[in-house]
Structures are given as structure tokens and as C-alpha cells.
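Letter by letter, the chains look like this.
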Amino acid sequence: MRHVLLLTASLLALGACQKKSETAAQTGEAAPAASAAPAAASSASAPLAAPRRKAGLWKQTVSSEGSTQTMTLCLDDATEAKMTVWGGQITRNACPKNDIRPTAGGWSFESECDMGGGGKVATKGTATGDFASSYVVKATSVTTGSSIPSANGTADMEMTGTWAGACPAGMKPGDMTLPGGMKMNLNTIAAMKK
């Protein structure tokens, strides 16, 4: 359960970054181009470039509390954009605080989210990499007030993503294969959240 909360909080923070860039583009503001190592922001209100992942198959490994789990995710540009909007919508409703800033080596983020019965989750972390071939997200989350006592506490998480080439036959954009072979499609989940 804690692995899911940590992964969700980290992805929501990155999704919020992308949503801010899309909002700037829609209002006509200029957003800086994404780069492998964005420079530190000169202004906290400056629009942020979106760290979008390259289309294709991504292998993602999550390590937390002595456990490591690996999953694969098939992405295309449209799915990455939909996930961004979906993440931004969840963040707006559940995470009153969601700050992300470019740093010399990547991104730093901090969020506070109310997961309902899952408690309140405060997360701080960093994301580095080029999002075209690999990236690393490191986060520390503190969960309080969960109805599941074992979910409360502090946990560290590291997620690495590595681009593995084109999506294989039989795997469509949004398809995710979880540990144990369970499959789900993120586009379907995003549609159910609307």
C-alpha cells in the first residue's frame, strides 16, 4: 500500500509540472524547452517545461522499504498528454500543495495530498534524467491519519525509468504490466476518473 502511495505522489508531482506548462501554452505564455538538465528557475512564477517521456516501452523499477518491483508501460505522445491532464486534475482536487521547480540537475518537488481514508501524504523529492532514455525519481513521504495503521509513517522510494524501445505487439498505449503479470490500461483509468 505504501509503495502505491509513494509512486502516486511522485507521479502526481511530475504531472502537475506538465499541467503548468500546458496552461502556459494555452494562455500564450512562452514556456522554456525541456532539456536534460534544466537550469534553476530565476522566478518561482515562471512557466516550467514539461519533462515528457519518449514514446515507446518504459521499464520502471520502484524500490522502497527493502522491496523492489518492476513494471512496464507502453506510451505514445497522446497517452503521455492524457496522463498529464489526469494527474493535474487529481492534484488539483487532492493536493492543495504541489510545488515543483527546475534545479541544476533536474527537478525538485514537494506536495501535500489528502488521500481520504488513505490519510494525508507529504512528499519531498527529486527527479533527474532526460525523460527520453532514462530518469530517476527519489522521494520521501510521510503518511499520517491513514485508516490502515501500517500505512502511517515515513518511507523512502526510488523509481527508475528506462526506455526499452518500441512497444511490443499486443501492447497498446497506456498498457501497464505490473509485478505478477497483472495488466491494466492507464487511459481506461483516466477515463473512469472524469
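Criteria and cut-off values
- Residues numbered from 1 in each chain as written.
- Predicted model: local features only at pLDDT ≥ 70, side-chain atom pairs only at ≥ 80, totals over all residues.
- Heavy atoms only, no water.
- Helix = DSSP H or I, 4+ residues; strand = E, 2+ residues; numbered from the N terminus.
- Buried < 20%, exposed > 50% of the residue type's maximum accessible area, 1.4 Å probe, protein only.
- Contact = heavy atoms within 4.5 Å.
- Core = buried A, V, L, I, M, F, W, Y, C linked by side-chain atoms within 4.5 Å.
- Pairing = 2+ DSSP bridges.
- Axes fitted to C-alpha atoms, helices over the stretch in contact; angles between N-to-C directions.
- Salt bridge = Lys/Arg side-chain N within 4 Å of Asp/Glu carboxyl O.
- Disulfide = S-S within 2.5 Å.

Asker: Please provide a residue-by-residue account of the overall build of the protein chain, values included.
Answerer: Across its full length, the protein chain carries 3 helices and 9 strands. Mapped in sequence order, the helices and strands of the protein chain form the string α-β-β-α-β-β-β-β-β-β-β-α. Counting only residues that meet the buried cut, the protein chain has 41% of its 194 residues in that class. Put simply, of all contacts in the protein chain between residues at least 6 apart along the chain, 57% involve residues at least 24 apart.

Asker: Explain the nonpolar core to me, using residue names and the numbers behind them.
Answerer: In this structure, Tyr135, Val137, Met157, Met159 and Met176 are the most contacted members of the largest nonpolar core, which totals 18 residues. At the level of secondary structure, the elements contributing two or more residues to this core comprise strand E1 (56-64), strand E2 (67-75), strand E4 (106-114), strand E6 (134-144) and strand E7 (153-163).

Asker: Please give an account of the sheet that holds E2 that cites residues and values.
Answerer: Within the open sheet, the 9 strands sit side by side as E3-E4-E5-E6-E7-E1-E2-E8-E9. Their pairing is antiparallel. Pairing within the sheet leaves two strands with one partner each, and these edge strands are strand E3 (97-103) and strand E9 (183-185). The average undirected angle you get between the axes of adjacent strands in this sheet is 20 degrees. Of the pairings in the sheet, the one linking E6 to E7 comprises 10 bridges and is antiparallel in character. Residue Val142 lies in a different strand from E7, and its bridge partner there is Thr154.

Asker: Can you lay out the pattern of salt bridges for me, pointing to particular residues and giving the numbers?
Answerer: What the rule picks out here adds up to 4 salt bridges. In this structure, Glu158 engages Lys138 in a salt bridge whose closest nitrogen and oxygen atoms are separated by 4.0 Å. Of this pair, Glu158 sits in strand E7 while Lys138 sits in strand E6, and the two are 20 residues apart along the sequence. With relative accessibility at 32%, the residue Glu158 sits in the partly exposed group.

Asker: Help me get a handle on the pairing of E3, residues and values and all.
Answerer: Each regular strand carries side chains that alternate between the two faces of the sheet. Only one face of E3 is buried: it carries Asn98, Ile100 and Pro102, and the other face, with Lys97, Asp99, Arg101 and Thr103, is open. For E3 and E4, the ladder comprises 7 bridges, and the chain directions are antiparallel. Within E4, the position partnered with Thr103 by the bridge is Gly106. In this antiparallel pair of consecutive strands, E3 and E4, the connection spans 2 residues.

Asker: Before we move on, could you go through the state of the cysteines and cite the residues and values that matter?
Answerer: Under the definition given, this model contains 2 disulfides. Covalently, Cys74 is tied to Cys167 through a disulfide, its sulfur atoms 2.1 Å apart. Every disulfide takes its handedness from the sign of the S-S torsion; for Cys74 and Cys167 that torsion is 110 degrees, giving right-handed. With Cys74 in strand E2 and Cys167 in the loop between E7 and strand E8 (175-177), the pair connects residues that are 93 residues apart, well separated along the chain. Classification of Cys167 by relative accessible area gives partly exposed; the value is 23%. Put simply, Cys95 and Cys113 are joined by a disulfide, and their sulfur atoms are 2.0 Å apart. The disulfide joining Cys95 to Cys113 has a torsion of about 105 degrees about its S-S bond and is therefore right-handed. Highlighted residues: Cys95 in the loop between helix H2 (77-94) and E3 and Cys113 in strand E4, separated in sequence by 18 residues.

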